[in-house]
Amino acid sequence: MAASKDAAVNKPDPAQAADKASTAKATAKSKGIAVLEGLLGRESAPVIPLPGRKVELPKKPGWQPKWLRKLRWRHAIIGASFLGLVAVPATLASLYMAFIAADQYHSTASFAVRSIEGGVSSDILGMFTQASGGSTVSDSYILMDYLLSERMAADADRRFKLEDVYATRGLDYFYGIGSDLPIEDKLSYWRDMVKVSFDHASGIMQVTVRAFEPKQAQEIAQFIVDQSDNLVNSLSLSARNDVLRAAQDEVLAGEARLAKARAGLREYRDKSQEVSPKEAAKLAVQLIGGLEGELTKLNADLATAKSQMSEDTPRIRVLKTRIESLEQQLAVERQRLGTGEKASASDDPNAPDVAGRIAEFEELETEREFAERAYTAALGSLEKARIEANNRQRYLALFIEPTLSQMAQYPTRLLNAFLVTLGLLFAWGVGVMGYYNIRDRA
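The sections below set out a description of the structure shown in this document. Remember, it's a predicted structure, so these values are computed and weren't measured experimentally. (Residues numbered from 1 in each chain as written. Predicted model: local features only at pLDDT ≥ 70, side-chain atom pairs only at ≥ 80, totals over all residues. Heavy atoms only, no water.)

**Thoughts on the overall build of the chain**
Looking only at helices and strands, one finds 14 helices and four strands in the chain. Counting contacts in the chain only where the partners sit at least 6 residues apart, residues at least 24 apart contribute 74% of the total. With an accessible surface of roughly 29,400 Å², the chain has 58% of that area assigned to carbon and sulfur atoms. (Helix = DSSP H or I, 4+ residues; strand = E, 2+ residues; numbered from the N terminus. Contact = heavy atoms within 4.5 Å. Areas by Shrake-Rupley, 256 points an atom, 1.4 Å probe, with all protein chains shown as cover.)

**A few points about the packing of helix H4 (residues 73-100) against helix H14 (residues 413-441)**
Following both chains from N to C, one finds H4 and H14 inclined at 165°, their axes separated by 8 Å at the closest point. Our classification of the angle between H4 and H14 gives roughly antiparallel. Relative to H14, H4 is oriented so that their crossing is right-handed. The class makeup of the residues in the contact of H4 with H14 is 17 nonpolar, five polar and three charged. (Axes fitted to C-alpha atoms, helices over the stretch in contact; angles between N-to-C directions. Parallel < 35°, antiparallel > 145°, perpendicular 65-115°, else oblique. Left-handed = near helix turned anticlockwise from the far one by under 90°. Nonpolar A, V, L, I, M, F, W, Y, C, P; charged D, E, K, R; others polar.)

**What to know about the pattern of salt bridges**
The full count for this structure, using the stated rule, is 13 salt bridges. The salt bridge partner of Arg 245 is Asp 242, with a shortest N-O separation of 2.8 Å. Here Arg 245 pairs with Asp 242, and both are found in helix H10 (residues 214-272), just three residues apart, close to one helical turn. What makes Asp 242 partly exposed here is its relative accessible area of 43%. One salt-bridge network, held together by shared partners, links Arg 262, Glu 365, Arg 368 and Glu 372. (Salt bridge = Lys/Arg side-chain N within 4 Å of Asp/Glu carboxyl O. Buried < 20%, exposed > 50% of the residue type's maximum accessible area, 1.4 Å probe, protein only.)

**What to know about the side chain of Ser 140**
Examined against the element boundaries, Ser 140 turns out to sit in helix H6 (residues 134-147). Dropping the residues within four chain positions of it, Ser 140 is found in contact with Val 113, Phe 198, Gly 203 and Met 205.

**A short note on the pairing of strand S1 (residues 105-115)**
Counting buried positions over the 11 residues of S1 gives 11, a clear majority of the element. Neither face of S1 is exposed, since Tyr 105, Ser 107, Ala 109, Phe 111, Val 113 and Ser 115 on one face and His 106, Thr 108, Ser 110, Ala 112 and Arg 114 on the opposite face are all buried. Of the strand pairs in this sheet, S1 and strand S3 (residues 204-211) are connected by eight bridges, and their pairing is antiparallel. Bridged to Thr 108 within S3 is Thr 208. In the sheet, S1 pairs with strand S4 (residues 394-400) via six bridges, with the strands oriented antiparallel. Residue pairing in the sheet places Ser 110 in a bridge with Ile 400 of S4. (Pairing = 2+ DSSP bridges.)

**Re the sheet that holds S3**
Spatial strand order, S2-S3-S1-S4: four strands in an open sheet with antiparallel pairing. Two strands lie at the open edges of the sheet, namely strand S2 (194-198) and S4, each paired on one side alone. Adjacent strand axes in the sheet meet at a mean angle of 25°, parallel and antiparallel pairs treated alike. Seen against the sheet, H10 touches S1, S2, S3 and S4 and runs at an angle of roughly 15° to S1.

**A word on the packing of aromatic side chains**
A ring pair, where both rings are aromatic, is described by two values, the distance of the centres and the angle of the planes. Applying the stated criterion across every chain, the model contains seven aromatic pairs. Centroid distance Tyr 435 to Tyr 436: 5.3 Å. Interplanar angle 70°. Geometry classified as edge-to-face. Overall, the relative accessible area of 39% leaves Tyr 435 in the partly exposed class. Take Tyr 436: its relative accessible area is 26%, and that puts it in the partly exposed class. When the ring centre of Phe 160 is taken as origin, the NZ or CZ atom of Arg 159, which lies over that ring, is 4.7 Å away. (Phe/Tyr/Trp six-rings, centres within 6.5 Å; stacked < 30°, edge-to-face > 60°. Lys NZ or Arg CZ within 6 Å of the ring centre and 35° of its normal.)

**Quick word on a nonpolar patch on the surface**
On the surface, a nonpolar cluster with roughly 860 Å² of combined accessible area is contributed by Leu 83, Val 88, Leu 92, Leu 95, Phe 99, Ile 100, Leu 171 and Tyr 173. Within the secondary structure, Val 88 sits in helix H4. Val 88 gets classed as partly exposed once you look at its relative accessible area, which sits at 40%. (Patch = residues over 30% accessible without salt bridge, like charges linked within 9 Å, V, L, I, M, F, W, Y side chains within 5 Å.)

**With respect to the nonpolar core**
Within soluble globular proteins, side chains that are nonpolar tend to cluster in buried spots. Counting 41 residues, the largest nonpolar core has Leu 143, Leu 147, Tyr 166, Trp 190 and Ile 224 as the members making the most contacts within it. A total of eight residues in this core trace back to one element, the largest contributor, which is H10. Non-local contacts of Leu 143, meaning those with residues more than four positions away in its chain, are made with Phe 111, Val 113, Met 205, Ser 228, Leu 231, Val 232 and Leu 396. One finds Leu 291, Leu 302, Ala 305 and Leu 330 within the second-largest nonpolar core, a separate group that totals 11 residues. (Core = buried A, V, L, I, M, F, W, Y, C linked by side-chain atoms within 4.5 Å.)

**Focus: the environment of Arg 210**
Note that Arg 210 resides in strand S3. Overall, the relative accessible area of 15% leaves Arg 210 in the buried class. Residues Arg 210 and Pro 411, spaced 201 residues apart in sequence, show a C-alpha to C-alpha distance of 9.7 Å. With residues up to four places along the chain from it excluded, the contact list for Arg 210 reads Gln 104, Tyr 105, His 106, Tyr 166, Asp 192, Met 193 and Tyr 410. A polar side-chain atom of Arg 210 sits 3.3 Å from a polar atom in the side chain of Gln 104. (Polar contact = N/O pair within 3.5 Å; in protein donor to acceptor, adjacent residues only side chain to side chain.)

**A look at helix H9 (residues 183-193)**
Among the residues of H9, Lys 186, Leu 187, Tyr 189, Trp 190 and Met 193 are the ones counted as buried. All buried residues of H9 fall inside an arc of 165° around its axis, so they share one side. (Arc of directions from axis to C-beta.)

**Some remarks on the packing of helix H7 (residues 150-160) against H9**
Two elements in contact, H7 and H9, have axes whose closest approach is 9 Å; the angle formed by their N-to-C orientations is 95°. Relative to H9, the element H7 is oriented roughly perpendicular. Between H7 and H9, the contacting residues are Glu 150, Met 152, Ala 153, Ala 154, Ala 156 and Asp 157 on the first element and Ile 183, Lys 186, Leu 187 and Trp 190 on the second. A per-class count over the contact of H7 with H9 returns seven nonpolar, no polar and three charged.

See the structure below:
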């Protein structure tokens, strides 16, 4: 009984048991939070010992400031990269632009390729804003390509010696040109110093030339204008010569055909000994008609004589002889007219008859007439082509002559320095963001 009393006394109270359970849960929860903070890198989190691992107690904070204790090696590397890749290069570029880069002067010229075809505008504005044909636009693009071509750079080098004109000024090795360079490098430098812009709507082309001396820029711009004028004139002359050459070839062909037709007709007349077989046929018809009339009269006389005389009388014999001769002559003339006997006295079986001669003559005459008409049309086409070629000539309309600069506007120092800084900052930012992206995904 005493034992039961002791058990009753030692039995825990339900309220106390509940308090102990809640305390154990809070302790377990605080330990879980401490473990999570340890995983997140919190310095205040306790270190949980693991089997086989030595536990290093956190060091007590020393004399370093709080912001210095939070820095990592990556922060120092990022700061050093910004200093080496952005700050220092941008500063050097700005100093170069401000104190080393040489002044550059520009010269501007504006012109357009025009044709004298069509009506003339009443004012100067309409002259340069009128709609140009497709041919002038194509000539403008040809001219623009020529100004930036290797041929133009070579011509300018022979004329001005680009290595002397654009030689390095002082310490400005970036904007200067070297010596003993191949034509490809000179062409690249030429395209940097010469800018060509073309407005398709108005057909106006603007050329801007840069140089270290204003007079040299103006001289180079004037040289470009002169070369452009020569090119446009050569293109116009070439097109004009092509049109005229085609028309002249047609005239020569027509002239040769006409000469051949005339020669054939002359050969026929020499062979037939007659100007026109039609006229000869008319004469033959008249001759046959006369012979038939005379034969009819003789037959009438013979009939009258027979009624009055006997057959043996001389008059009747004479009449019969004349009638036979006329009949033979009439047969010959009819045969010459219809069966192909020669017009001359000699008998040639291969000689064409009158109908054949007329057909041959008409063929030759038709060829001659057609050749004459073709030759006349070719002459008219040649004259028309000459007029159109003169009206379609191209010319270079220069309305802004090369200017002489009084103040250096190149290089754009602030803009170049800003662009260099912006480019370096952008590249550095991309690199840092890439690093953190890889670090977060690793």
